[in-house]
Amino acid sequence: MKKILVTGFEPFGKDARNPSGESVRMLKEVENAEIRKLILPVSWKRAFPEVEKVWDLWKPDALLMVGLAGGSTAIRIERIGVNLCGEIIDMDGRYADGSASPSGEHPVIAGNREAFFATYHHEAILKALKEAEIPAKYSFSAGTYICNYLLYSSLAKMARENGNMKIGFIHLPYADGQKEGAPSMPLDTMVRALETALSKIF
Ligand code: PCA
């Protein structure tokens, strides 16, 4: 049976909830695959090592990471991770270089290539989500915060190790009731979207 590592995030910034962590927690069994879940801290320093630890020990065939993109109207199927960290403070009160005061942009990995494409079966995922009538679209920027950091770091690790895993990132909108006046989606629909994505990831 194939093994899939699925990650979501804890709440961050001004948002008391993070539908990525909530929906990953709610995921049930996936047909023909064994899944493991991680709920990650929104921390430049601490998030990726947690992924790496399970990756190295468990050796998954696929890695699906999930995060919140507040304001989004649809499920966003990320296609690219870039070697850039924005000047954004994390939940540890730190910037990407570890300092507590703003110090500009930094690379994810100094001297490494500019970007990597995600390797999951995005065509099949998008098609299946559309067939399920779940609003979904491609996104060509996962931002410059921890979500992009995780996507880039994972694709860089796989390249370094000559792996051939299916790696991708999905951004979710706010959950219904989470933020007044902002576009949102029922949490159940997001869980269904993730189950659909997992069934098509290979
Ligand atoms: N979204 C942020 C980090 C954690 C999350 O859920 C992002 O898009 O980078």
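Report on the accompanying structure. (Residues numbered from 1 in each chain as written. Predicted model: local features only at pLDDT ≥ 70, side-chain atom pairs only at ≥ 80, totals over all residues. Heavy atoms only, no water.)

**Overview of the pairing of strand E4 (residues 75–78)**
Taking every second residue as pointing to the same face, both faces of E4 are buried, with Ile75 and Ile77 on one and Arg76 and Glu78 on the other. In this structure, E4 lies alongside strand E7 (residues 136–139), joined through four bridges in parallel fashion. From the neighbouring strand, Ile77 faces E7, where its bridge partner is Tyr138. The pairing of E4 with strand E8 (residues 166–172) spans three bridges and is classified as antiparallel. When the sheet's bridge partners are listed, Glu78 is paired in E8 with Phe169. (Buried < 20%, exposed > 50% of the residue type's maximum accessible area, 1.4 Å probe, protein only. Helix = DSSP H or I, 4+ residues; strand = E, 2+ residues; numbered from the N terminus. Pairing = 2+ DSSP bridges.)

**Re the site of the ligand**
The ligand sits among Phe9, Phe12, Asn18, Val42, Gly67, Leu68, Tyr145, Ile146, Cys147 and His171. The backbone of Ile146 places a nitrogen or oxygen atom 3.4 Å from an oxygen atom of the ligand. Residue His171 places a side-chain N or O atom 2.8 Å away from an oxygen atom belonging to the ligand. Protein contacts shield 94% of the accessible area of the ligand, which totals 260 Å² for the unbound molecule. Secondary structure elements with two or more residues in the shell around the ligand: strand E3 (62–68) and helix H4 (146–160). (Near = heavy atom within 4 Å. Polar contact = N/O pair within 3.5 Å; in protein donor to acceptor, adjacent residues only side chain to side chain. Areas by Shrake-Rupley, 256 points an atom, 1.4 Å probe, with all protein chains shown as cover.)

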